[in-house]
Amino acid sequence: MTDDLGTMIAAAGPVDEARLAGLENGVWIRVDQRRAQMRMGQVRLAAVAMALVIGGVNGGLMLAASRSAPSEMQVFAVSADASPLTRLDARG
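Per-chain numbering applies: the sequence of each chain, read as written, is numbered from 1 onward. This being a predicted model, a pLDDT of at least 70 is required before a residue's local features are given, and a value of 80 or more before pairs of side-chain atoms are given or counted; all residues contribute to the totals for chains, interfaces and linings. Hydrogens and waters are ignored; side-chain quantities use all the structure's heavy atoms.

**What about the overall build of the protein chain?**
Now for step 1: Helix and strand definitions here come from DSSP, where helices need a minimum of 4 consecutive H or I residues and strands a minimum of 2 consecutive E residues; each element is numbered from the N-terminal end. Looking only at helices and strands, the protein chain has three helices and zero strands in total.
Now for step 2: The cut-offs for exposure are 20% and 50% of the maximum accessible area for each residue type, with area from a 1.4 Å probe on protein chains only; residues under the lower value are buried, those over the upper are exposed, and the others partly exposed. Sorting the 92 residues of the protein chain into buried and exposed places 2% on the buried side.
Now for step 3: Under the convention used here, a 1.4 Å probe and the Shrake-Rupley method define accessible areas, while residue burial counts only the protein chains that appear. When the accessible surface of the protein chain is summed, it comes to about 9000 Å², and 63% of that surface belongs to carbon and sulfur atoms.

Okay, structure coming up:
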């Protein structure tokens, strides 16, 4: 592979100027599109980070909140030790 720029340009042959007329504008349009995509990616990343922070704070606050006293109805809960399913080793 040749690295000489002059050789590569000469090998390309004559260029039709009509084909190159809108090339620069097309390149700048694509550059602007890429910049817009990168900004949207940053916005999405910020939104996900904010959701994680809010979820973590909310979970921490719920964990730190005072727990209510056990209810009498807790005897009928699935995880209760007095459940007959525990003694039969049946799992739901």
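Alright, that's what it looks like, and here's the rest.
**Brief notes about a nonpolar patch on the surface**
Now for step 1: Taken together, the side chains of M50, V53, I54, V57 and L61 present a nonpolar region at the surface, about 500 Å² in accessible area.
Now for step 2: Structurally, V53 can be placed in helix α2 (residues 23-64). Patch definition: residues with relative accessible area over 30% and no salt bridge; like charges joined within 9 Å; nonpolar side chains (Val, Leu, Ile, Met, Phe, Trp, Tyr) joined within 5 Å. Salt bridges, as used here, are contacts in which a Lys or Arg side-chain nitrogen is within 4 Å of a carboxyl oxygen on Asp or Glu.

**Description of the confidence of the model for the protein chain**
Detailed conclusions should not be drawn from predicted coordinates in areas where pLDDT is low.
Now for step 1: Scored from 0 to 100, pLDDT reflects the predictor's confidence in each residue. Mean pLDDT over the protein chain stands at 78; residues scoring 70 or higher make up 67%.
Now for step 2: Within the protein chain, no element has a lower average pLDDT than helix α3 (residues 84-87), which sits at 59, and none a higher one than α2, at 92.

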